[in-house]
Amino acid sequence: MYSLTVEFSSQTEIKGGLEGIWKRLGITGEIELRPADNGRWILEIHSERKIRESALKGLNGRIIEG
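The written sequence of each chain sets the order in which its residues are numbered from 1. Only residues with pLDDT of at least 70 get local features here, since the model is predicted, and only at 80 or more are side-chain atom pairs given and counted; chain-wide, interface and lining totals rely on the full set of residues. For the side-chain quantities, the full set of heavy atoms in the structure was used; hydrogens and water were omitted.

## Concerning the overall build of the chain
Then, in step 1: Think of it this way: any DSSP run of H or I at least four residues long counts as a helix, any run of E at least two long counts as a strand, and we number them from the N terminus. Secondary structure summary: the chain contains two helices and four strands in total.
Then, in step 2: Counting from the amino terminus, the chain carries its helices and strands in the arrangement β-α-β-β-α-β.
Then, in step 3: Principal axes of the C-alpha set define a box for the chain whose edges measure 30 × 20 × 15 Å.
Then, in step 4: Relative to its 66 residues, the chain shows a buried fraction of 30%.
Then, in step 5: Contacts are assigned to residue pairs with any non-hydrogen atoms lying within 4.5 Å of each other. Residue pairs at least 24 apart in sequence account for 64% of intrachain contacts in the chain once pairs closer than 6 positions are excluded.
Then, in step 6: Taken as a whole, the chain presents about 4500 Å² of accessible surface, with 46% of it coming from carbon and sulfur.
Then, in step 7: This count recognises Lys and Arg as positive and Asp and Glu as negative, with His and chain-terminal groups excluded. Working definition for charges: the position is that of NZ of Lys, CZ of Arg, CG of Asp or CD of Glu. Across the chain, the centroid of the 10 positively charged side chains sits 8 Å from that of the 10 negatively charged ones. The rule is simple: take the accessible area with a 1.4 Å probe, protein chains only, and divide by the maximum for that residue type; under 20% is buried, over 50% is exposed, in between is partly exposed. Under the convention used here, a 1.4 Å probe and the Shrake-Rupley method define accessible areas, while residue burial counts only the protein chains that appear.

## So, the pattern of salt bridges
Then, in step 1: Basic side-chain nitrogens of Lys or Arg form a salt bridge, by our definition, when they fall within 4 Å of a carboxyl oxygen of Asp or Glu. Per the counting criterion, the structure on display carries four salt bridges.
Then, in step 2: The salt bridge partner of Glu7 is Arg40, with a shortest N-O separation of 3.3 Å. With a gap of 33 residues between them, Glu7 in strand β1 (residues 2-8) and Arg40 in the loop between β2 (29-35) and β3 (41-47) connect regions that are remote in the sequence.
Then, in step 3: A residue is classified by how much of its surface remains accessible, and Glu7, at 8% relative accessible area, is buried.

## Looking at the sheet that holds β3
Then, in step 1: A pair of strands is treated as paired once DSSP finds two or more bridges between them. Strand order in the open sheet made by the four strands is β2-β3-β1-β4, with antiparallel pairing throughout. Across the chains shown, the open sheet's two edge strands, defined by having one partner strand only, are β2 and β4 (62-65). Across the sheet, the axes of successive neighbouring strands diverge by a mean angle of 25 degrees, strand direction being ignored. The axes are straight lines fitted to the C-alpha atoms, using for helices just the contacting stretch, and the angles between their N-to-C directions are given from 0 to 180°.

## Digging into the nonpolar core
Then, in step 1: Residues Phe8, Leu43, Ile45, Ile51 and Leu59 are the most contacted members of the largest nonpolar core, which totals 13 residues.
Then, in step 2: When residues of this core are traced back to their parent elements, those giving at least two are β1, α1 (11-25), β3 and α2 (53-56). Nonpolar cores were defined as sets of buried Ala, Val, Leu, Ile, Met, Phe, Trp, Tyr and Cys residues, with membership established by side-chain atoms within 4.5 Å.

## Digging into the side chain of Glu7
Then, in step 1: Within the structure, the side chain of Glu7 is placed 3.4 Å from the side chain of Asn38, a separation counted as a polar contact.
Then, in step 2: Beyond its immediate sequence surroundings of up to four residues, Glu7 is in contact with Asn38, Arg40, Trp41, Ile42, Gly61, Arg62 and Ile64. Pairing of N or O atoms within 3.5 Å defines a polar contact, subject to two protein rules: one partner must be a possible hydrogen donor and the other a possible acceptor, and residues neighboring in sequence count only if both atoms are side-chain atoms.

This is the structure we're talking about:
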């Protein structure tokens, strides 16, 4: 299992990037979306396989762990 945490400035920003990467790459696993204390949003991805860095750039977020 591969885990990754990404921070976004808005919930809308997450939805656009995530839908594309999830469907296009066929990632299987779990995701969690939650608000951060600073008004930003946190996306945690727990994937059964490693996600390429080039695919992560399409998320437009800041990787903070993983």
